[in-house]
Amino acid sequence: MAEAADFQGTAPSPARRWLRRTGALLTGVPLLAGVLQLPAAVPAQAASSVGTVSVAVDSLTPSAPAEGDTLTVSGTVTNQGKQAVTDAHVGLRVGPSLTTRSAIDSVAERSADPQGIYGSEVGDKYIENFAKLTPGVAEPFTLSVPVDQLDLGQDGVYEFDVSLSGQTSAQPWEQVLGIRRTFLPWQPAEAGTRTKTTFLWPLISTVHMTAKTGPGEHQTPVFLNDDLAQEISPGGRLNQLVALGKGLDVTWVIDPDLLASVDAMTRNYQIQGDGGTTTAGTHQAVAKQFLSDLQKAVADKQVVALPFGDPDLASLAHNGTSVTGSLSHLKDATDVAATTVQTVLHVTPSTDFAWPVDGAVDPSIIKVATSAGADKVIARSDSLQETGGLPYTPSAARPIGGGTTAVVADARLSTAFKGDLTKAGPATLAVQKFLAQSLALNTQTTKQRSIVVAPQRMPTASQAQAMAQAVIALEGSNWSQSQELTAAAKAKPDPGATTKIPSTSAYPSSLRKKELPRTAFEQIARTQDKLDNFQVILTDRSRVVTPFGRAINREMSTSWRGKIRAADSFRQGVEAWLDELIDQVKLIDKSETKLSGRSATIPVTVQNNLVQGVDRLVLRLTSTMPTRLSVGGKAYTEQPVDVSGGHSQSVKFTTSANANGRVTVIAQLYTEDGQEYGAPVSFDVKVTEVTPTVMLVIGGGVLLLVLAGFRMYTQRKRKAARQAEESGSDTPGENPKGPENPEGPGDRLQEKSDAGSGAGDPEQPSDPTPDTASESVDPSAAGERVDR
């Protein structure tokens, strides 16, 4: 009678739906009685066949149907038993209304359990028959049914089952051999109060860039591998996230390190190989296209920038705060985040949000998260659990003191897309469960609330596809409306919601096991100390400080969780490369030096193999025995050092010897602030002090040289006087010989002889050769001393 009263195109009334379901239950009573009268062995045999057929629901459209829609369900059935199934068919069943969120969880847990089937099939008109299901063979099916034929009652969530009925040779009667339970959200008209929903769309990857850069002006970056190219290429995970997120009303949560890495790929870059080799990267076009697509996707959308490298806040809070300087890295990562996003995407991001792993918080994590300037922490409701007994899910914003707001994401909605969703069946179930939980949340109260969905940090491509499908369905629903994260954080808090942060001991042990250890932060601190000591001598600090600063941020990345060996290898690589650069500025080893005088100059060479120059260095030369050999009159002397890139410079030190013997001298470079730089160089100086005998010999030689010079001078003076005297008496008419009778050789000899026999001091002829030899340009003979 109720069915006769239903007109085509008119939805049955709730009373009629109740009569229809009651009639179906009464019709099944005789069948139930017959089953109870079977022999005891028959149910046991029947139980052995229950669940032998796997039912997969690969598609259910529309996900949230409205009045007048036709629901289409498609999937596959697979006989997993050893016997063929005959006279089989796939049918649809509408279960009871699920009024609580926990009831939805319960149904999801027994999704494939055929026990406890509710109601009868929708009707013979909406089934698909199979004459035979062969073991191991998957058979597809597609069913379409008008929503009006589903007898849906009041608004809410309904269990929706797809079952396979048939028989086997062992049990030759019809029975349900397989089932797949899912959900049908039913809100045909706009709800009186719509939930404001914020869906975070994370664009985060693992660490890809090393600290190494090329020596050229553009500092060609070196990547660990070419995995990032695969992620941003068409079909890749990140490419899918951008393509799917474009057009969705979501809040983008981005790690600036990803943007910096892709931006670096748009120019020349290298891929690290084995044994220190590198190969040229070839995906510049892919990187440019990815950034272009991303810029369009985030235009006019809210973008939240995480600290550079997405540092692991929990690891830092639990294992790093006791290591000096660890928190400063978080501050640096936060400061550079906004600049990176603005430069690459040309949008101004929000940088006042912190996002611990899985939204798990404790007092130490909150303290660390807010230390770098963030005043909003994205937590999750399974960490910040309700203790006030509220009958509904409160809004996300919770004031937790100190001007900090905990933005508590809903755990059920946030974890809906975890797991393997590569197959269509699990993905469809995830979408339907998400929508069911969202609608059930909305029906809890007439009070409007702001709910946040924070999915996993790095969803796979298939997970992202399911997320996008759910967001599209949610945006088209009658119970939800989109909202940005900033607005959700500013929403009026629910006075009954908990604001108590769980204790540190309540932090999940499963998450704590994957944290970076204290030794990781100690190594980071050691690397930072080396970088601080190195940068003060550089003329262009940005060439070193920037790549190493970002590499240190990456050493703290959340992506290292559960990858202890890989994280350790990356840190060691950063420190080793820094050590290699530091060693490019060093002292050249020096062999033994011999000194043969009371004072001498000792040169020490500083070599700079860096591309850039270095300055603000001080070279100290120290004598280990200043009483025997002093440097500049003291135990040590310092001189400033400036060396151009790719050059060497010798610095000369004046030394004084006071005694014979061997003395060890130490050369050491220092920075301006007195920190030792590089390894010292030690060498021996052999001192041979000058004796009195040697001094007398040298003095006698000098005296002879002086006397010889004086003798030459007097001889030349006398000769000049004699010539002047002779020219004075040689007048016309007085010379008997005259010009016609020139003086012969014999006359000249006689004249000289007469002059030599005169009275007074005898005058000797000039020496035929000088007493000292002319200056020689030949190398010094063996055994001579040469200053170094």
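See the structure above.
So, how was this worked out
- Residues take numbers from 1 onward in each chain, read along the sequence in its written order.
- It should be noted that, the model being predicted, local features are given only for residues of pLDDT at least 70 and side-chain atom pairs only at 80 or more, the latter also being counted only at that level, while totals for whole chains, interfaces and linings use all residues.
- Side-chain numbers come from the whole structure's heavy atoms, not from hydrogens or water.
- Working definition: helices are DSSP H or I runs of at least four residues, strands are E runs of at least two. Numbering for both runs from the N terminus.
- Any residue under 20% of the maximum accessible area for its type is buried, any over 50% is exposed, and the rest in between are partly exposed; the area is computed with a 1.4 Å probe on protein chains only.
- Any two residues whose heavy atoms approach within 4.5 Å at even a single point are treated as in contact.
- Of the two site types, the cavity is a set of points on a 1 Å grid over the protein atoms alone where a 1.4 Å probe fits but cannot get out, and the pocket is an open set with protein on both sides within 12 Å along at least five of seven lines, each lined by residues with an atom within 4 Å of a point.
- Grid points are joined across faces, edges and corners, and a volume is the space filled by probe spheres set on the points.
- Gly is put with the polar residues, along with every residue not named as nonpolar or charged; the nonpolar set is Ala, Val, Leu, Ile, Met, Phe, Trp, Tyr, Cys and Pro, and the charged set is Asp, Glu, Lys and Arg.
- Paired strands, in this sense, are two strands between which DSSP finds at least two bridges.
- In this text, buried Ala, Val, Leu, Ile, Met, Phe, Trp, Tyr and Cys residues form a nonpolar core when linked through side-chain atoms within 4.5 Å.
- Expected span, for any helix, means 1.5 Å times one less than how many residues it has.
- For Phe, Tyr and Trp, rings pair up if their centres lie within 6.5 Å, where Trp contributes its six-membered ring, and each pair is then called stacked (planes under 30 degrees apart), edge-to-face (over 60) or tilted (otherwise).
- Charges are assigned to positions over rings by a cutoff of 6 Å between ring centre and Lys NZ or Arg CZ, combined with an angular limit of 35 degrees from the ring normal.

Q: For this particular structure, what's the right way to read the overall build of the protein?
A: Looking only at helices and strands, one finds 21 helices and 29 strands in the protein. When the 788 residues of the protein are sorted by exposure, 45% land in the buried category. Once local pairs closer than 6 in sequence are excluded, the contacts in the protein between residues at least 24 apart make up 77%.

Q: Looking at this structure, how should I read empty space enclosed by the protein?
A: In the structure shown here, the tally under the stated rule is three cavities of 30 Å³ or more. In this structure, the largest cavity occupies an estimated 120 Å³ of space. Secondary-structure elements contributing two or more residues to the lining of the largest cavity are helix 10 (326-345) and strand 15 (353-354). In this structure, the second largest cavity encloses a volume near 70 Å³. Lining the second largest cavity are Thr 197, Phe 199, Asp 249, Val 471, Leu 474, Glu 475, Ser 480, Gln 481 and Ser 482. Those elements that place two or more of their residues in the lining of the second largest cavity are strand 8 (195-203), helix 14 (461-475) and strand 20 (480-482). For the lining of the second largest cavity, a count of residues per class yields three nonpolar, four polar and two charged.

Q: Please explain the pairing of strand 28 (residues 661-671) as it appears in this structure.
A: In summary, the side chains of a regular strand alternate between the two faces of the sheet. Bridge count for strand 24 (residues 614-623) against strand 28 is seven bridges, and the pairing is antiparallel. Paired with Val 618 across the bridge in strand 28 is Tyr 670. Both strand 28 and strand 29 (residues 676-687) contribute to a ladder of nine bridges, which runs antiparallel. Looking at the pairing, Ala 667 lines up with Val 681 of strand 29.

Q: Would you mind going over unusual backbone geometry with me for this structure?
A: It is generally the case that most residues other than glycine have a negative phi and that most peptide bonds are trans. Cis rather than trans, the peptide bond between Thr 61 and Pro 62 has omega equal to -10°. Not every positive phi belongs to a glycine, and Gln 219 is a case in point at roughly 50°. Along the chain, the position of Gln 219 falls in the loop between strand 9 (209-213) and strand 10 (221-223). Using a relative accessible area of 18% as the deciding quantity, one classes Gln 219 as buried. Although it is not a glycine, His 346 sits at a positive phi angle of roughly 60°. Structurally, His 346 can be placed in the loop between helix 10 and strand 15.

Q: Help me out: how do you make sense of the nonpolar core in this one?
A: Side chains of a nonpolar character, in soluble globular proteins, are inclined to be buried together. In this structure, Phe 534, Phe 548 and Leu 619 are the most contacted members of the largest nonpolar core, which totals 77 residues. By size, the runner-up hydrophobic cluster in this structure holds 65 residues, among which are Leu 98, Leu 228, Ala 305 and Leu 413.

Q: Explanation requested: helix 14 in the structure shown.
A: Spacing of three or four residues puts side chains on the same side of an α-helix, whose turn is 3.6 residues. Taking 1.5 Å per residue as the helical rise, helix 14 with its 15 residues ought to reach 21 Å, and the 21 Å between its terminal C-alpha atoms agrees with that figure. Within helix 14, the full set of buried residues consists of Ser 462, Gln 463, Ala 464, Ala 466, Met 467, Ala 468, Ala 470, Val 471, Ala 473 and Leu 474. In this structure, the buried residues of helix 14 make contact with strand 8, helix 6 (237-245), helix 13 (424-442) and strand 20.

Q: Mind showing me how you'd approach the packing of aromatic side chains here?
A: Aromatic rings in a pair are described by how distant their centres are and how their planes are angled relative to each other. For the structure on display, the rule yields six aromatic pairs. On the basis of an interplanar angle of 40° and a centroid distance of 5.4 Å, the ring pair of Trp 560 and Phe 570 is categorised as tilted. Taken together, the positions of Trp 560 in the loop between helix 18 (542-555) and helix 19 (564-582) and Phe 570 in helix 19 put the pair ten residues apart, joining distant regions of the chain. Members of the aromatic cluster, joined through ring pairs, are Phe 199, Trp 201, Phe 417 and Phe 434. A cation over a ring is seen here: Lys 590 above Phe 683, with NZ or CZ 5.7 Å from the ring centre. Positioned above the aromatic ring of Tyr 670, the side-chain terminus of Arg 620 is 4.4 Å from the ring centre.

So, to be careful, I would describe these as geometric facts and stop short of saying anything about function.
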